[in-house]
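# Chains, contacts and geometry: an overview
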Amino acid sequence: MVLGVRWTVHGDGRTPAPGAVVRPDERLSWPRTFGLGAQHVVAMFGASFVAPVLMGLDPNLAIMMSGVATAIFLLATRGQVPSYLGCSLSFVGVAAVIRAQGGSSATVTGACLAVGAALFLIGLAVQKFGARIIHAAMPPVVTGAVVMLIGFNLAPVTASTYWPQDQWTALLVMLFTGLAVVGLRGFFSRIAIFLGLIFGYGLSWVLDRVFGQIHSADGSGKVVDHWRLDLSGVGKADWIGLPTFHAPSFQWSAVLVALPVVIALVAENAGHVKAVGEMTGGNLDDKLGTAIAADGAASMLSTAVGGPPNTTYSENIGVMAATRVYSTAAYWAAAFFALLFGLCPKFGAIVAAIPGGVLGGITVILYGMIGLLGAQIWTNAKVDLRNPLNLVPAAAGLIIGIGNVSMKFTDNFTLSGIALGTLVVITGYHVLRLFAPAHFKVEEPLLDEGTSSYDESRG
């Protein structure tokens, strides 16, 4: 069996020729390959560190399992789909909802494991029947609406939890991150979130030295005097050690809240596989089912030991677009570095110490970007919102999801927010389609025509 772990050296192994690309089955010299691997790790730093912190999970374990997940993905796709799997931001909202309902970290990871299992089964189905089954159940109007409501449902988390802890730091971090995303070029624009975190750390430290403690809400919501940046846990943490593991637990209410995220993950994987295929000049459509199933399997393994679920990362695809190096050897190097970081508790303590105000500024942009990915799906698929068949279920589902509307069915069973909004969008679309006139039933492009695009001129 070919596992995709053999590479031929590209050219002289130093620099790609003008106009040439380093293909997935090629590599540069090993020192340069490991350098590119480190670059991929830095590219995923921001989101992969922020997501587990926002979900209340161990960031060290998240980084370690992202390395394991990437290795599983590369083996499953036999080295033909260069991608990095990091902690999925799509689960941040459902984690917040589950915890608000009294759920623990075990409940969160149990719900996420169920989503990973669903994603794995969808991948197997796509492998057997083709991508058209995705289109039949989840056309772009449905997928875009669900991704959008997942992102915008997070707005109250920023507004009520993070921003009030230090509003001025949050504002300055938001402005800095926005300028970094827009003003920087190439690789640095891809790590704008990470740069925003560094800026926020430095700013919080300076404000503590100049103005002393701040009187505001802390992480628990109590208004007290506290330091913006508390590094007391960093000094106590060991340099080398295993992250914190825990077993998942399963509650139907939590699983139902989390299941809609599978739609976002299918959309992400489909767009990323298409984007990588376009950049490498190969047709990877036949690998879509394998990629989805591999993502599901990797997420199941990660959540089974207490880590977060994973997904393919746009940041790393952006690095490939900038460098024109698509070698899977670089991703194996990145997975190796991620495993090393995961074995450093002191590193995790630094991540866990991110000030609330900094998270406020970051999440304003981050959550909005998640939501607007849904609009990108609509745009790329040319979804016609003048068509009532598209407009009505999307509009109703978005308001329910974003407004966190609830429906109580029994004393022990309630649907609200993301879960209820997703149910309304999916069932509403298919039920209305049964009664819609023929001219409303215009076929839309397949989901796997792509949900992401990358401007290589920025590199």
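Residues numbered from 1 in each chain as written. Predicted model: local features only at pLDDT ≥ 70, side-chain atom pairs only at ≥ 80, totals over all residues. Heavy atoms only, no water.

## Concerning the overall build of the protein
Per the secondary structure count, the protein includes 20 helices and eight strands. Within the span of the protein, comprising 459 residues, buried residues form 56% of the whole. Put simply, 79% of the contacts in the protein that link residues at least 6 apart link residues at least 24 apart. On the protein, roughly 19,100 Å² of surface is accessible, and the fraction owed to carbon and sulfur atoms is 66%. (Helix = DSSP H or I, 4+ residues; strand = E, 2+ residues; numbered from the N terminus. Buried < 20%, exposed > 50% of the residue type's maximum accessible area, 1.4 Å probe, protein only. Contact = heavy atoms within 4.5 Å. Areas by Shrake-Rupley, 256 points an atom, 1.4 Å probe, with all protein chains shown as cover.)

## Description of the side chain of Asn 387
You can see Asn 387 is positioned in the loop between helix H18 (356-381) and helix H19 (388-403). Residue classification places Asn 387 among the buried positions, given a relative accessible area of 9%.

## Focus: the pattern of salt bridges
One side chain can pair with another of opposite charge once the charged atoms of both are near each other. Considering all chains together, one arrives at three salt bridges under this definition. Between Arg 228 and Asp 166 there is a salt bridge, with its nearest N and O atoms 3.2 Å apart. Placement of the pair is Arg 228 in the loop between strand E5 (223-226) and helix H11 (232-236) and Asp 166 in the loop between helix H7 (155-162) and helix H8 (167-183), with a sequence separation of 62 residues. As far as burial versus exposure is concerned, Arg 228 and Asp 166 are alike and both buried. Among the salt bridges present, the one from Asp 384 reaches Arg 386, with a minimum N-O distance of 3.0 Å. Asp 384 sits in the partly exposed class, given a relative accessible area of 31%. Look at Arg 386 and you get exposed, because its relative accessible area is 73%. Within this structure, Asp 166, Asp 208 and Arg 228 form a network of salt bridges that share partners. (Salt bridge = Lys/Arg side-chain N within 4 Å of Asp/Glu carboxyl O.)

## Focus on helix H20 (residues 417-435)
The terminal C-alpha atoms of H20, which comprises 19 residues, lie 27 Å apart, in line with the 27 Å expected from a rise of 1.5 Å per residue. Taken together, the buried positions of H20 are occupied by Gly 417, Ile 418, Ala 419, Leu 420, Gly 421, Thr 422, Val 425, Gly 428 and Tyr 429. (Expected span 1.5 Å × (residues − 1).)

## Re the nonpolar core
Ranked by size, the top nonpolar core spans 97 residues in total, and within it Met 55, Phe 91, Val 92, Leu 288, Tyr 367 and Trp 378 carry the most contacts. Per-element accounting of this core gives the leading share, 10 residues, to helix H13 (residues 261-280). Inspection of this core shows a minimum of three residues originating in each of domain 1 (27-230 + 245-373) and domain 2 (384-440). When sequence neighbours within four positions are dropped, the list of residues in contact with Met 55 reads Cys 87, Ser 88, Phe 91, Val 92, Ala 95, Arg 99, Val 108, Cys 112, Pro 308 and Pro 309. Ranked by size, the runner-up nonpolar core spans five residues in total, among them Val 22, Leu 28, Val 325 and Ala 330. (Core = buried A, V, L, I, M, F, W, Y, C linked by side-chain atoms within 4.5 Å. Domains from an automatic or database assignment.)

## Looking at the environment of Gly 361
Residue position: Gly 361 is located in helix H18. Owing to a relative accessible area of 0%, Gly 361 belongs among the buried residues under this scheme. In sequence terms Gly 361 and Thr 158 are 203 residues apart; their C-alpha atoms lie 8.4 Å from each other. For Gly 361, the residues in contact, after removing those within four places along its chain, are Trp 163, Ala 170, Val 173 and Met 174.

## With respect to unusual backbone geometry
Positive phi values are uncommon outside glycine, yet Arg 78 reaches one of about 55°. Along the chain, Arg 78 turns up in the loop between helix H2 (59-76) and strand E3 (85-87). Here Arg 78 falls in the partly exposed class, since its relative accessible area comes to 38%. We note that Lys 382 has phi near 55°; this positive angle belongs to a residue other than glycine. Here Lys 382 is to be found in the loop between H18 and H19.

## Some remarks on the packing of helix H4 (residues 105-129) against helix H14 (residues 288-304)
Following both chains from N to C, one finds H4 and H14 inclined at 160°, their axes separated by 7 Å at the closest point. One way to sum up the angle between H4 and H14 is to call them roughly antiparallel. Both H4 and H14 take part in a crossing whose hand is left-handed. Where H4 approaches H14, its residues Thr 109, Cys 112, Leu 113, Gly 116, Ala 117, Leu 119, Phe 120, Ile 122, Gly 123, Leu 124, Val 126 and Gln 127 are matched on the opposing element by Leu 288, Gly 289, Thr 290, Ile 292, Ala 293, Asp 295, Gly 296, Ala 297, Ser 299, Met 300, Thr 303 and Ala 304. Residues belonging to the contact of H4 with H14 are distributed by class as follows: 14 nonpolar, nine polar and one charged. (Axes fitted to C-alpha atoms, helices over the stretch in contact; angles between N-to-C directions. Parallel < 35°, antiparallel > 145°, perpendicular 65-115°, else oblique. Left-handed = near helix turned anticlockwise from the far one by under 90°. Nonpolar A, V, L, I, M, F, W, Y, C, P; charged D, E, K, R; others polar.)

## Observations regarding the confidence of the model for the protein
Chain-level statistics for the protein give a pLDDT mean of 81 and a share of 88% at 70 or above. For residues 448-459, every residue scores under 50 in pLDDT, and the model assigns this stretch 40 contacts once sequence neighbours within four places are set aside. (pLDDT = per-residue confidence, 0-100.)

## Some points on the packing of aromatic side chains
All told, the structure shown has six aromatic pairs when counted by the stated rule. Relative to Trp 30, the ring of Trp 7 has its centre 5.9 Å away and its plane inclined at 85°; by these criteria the two rings are edge-to-face. Of this pair, Trp 7 sits in the segment before strand E1 (8-9) while Trp 30 sits in helix H1 (residues 30-55), and the two are 23 residues apart along the sequence. Trp 7 gets classed as buried once you look at its relative accessible area, which sits at 19%. Among the aromatic side chains, those forming a connected cluster through ring pairs are Trp 7, Trp 30, Phe 34, Phe 336 and Phe 337. Lying across the ring of Phe 129, Lys 128 places its NZ or CZ 5.7 Å from the centre. Over the ring of Trp 239 we find Lys 346, and its NZ or CZ is 5.1 Å from the ring centre. (Phe/Tyr/Trp six-rings, centres within 6.5 Å; stacked < 30°, edge-to-face > 60°. Lys NZ or Arg CZ within 6 Å of the ring centre and 35° of its normal.)

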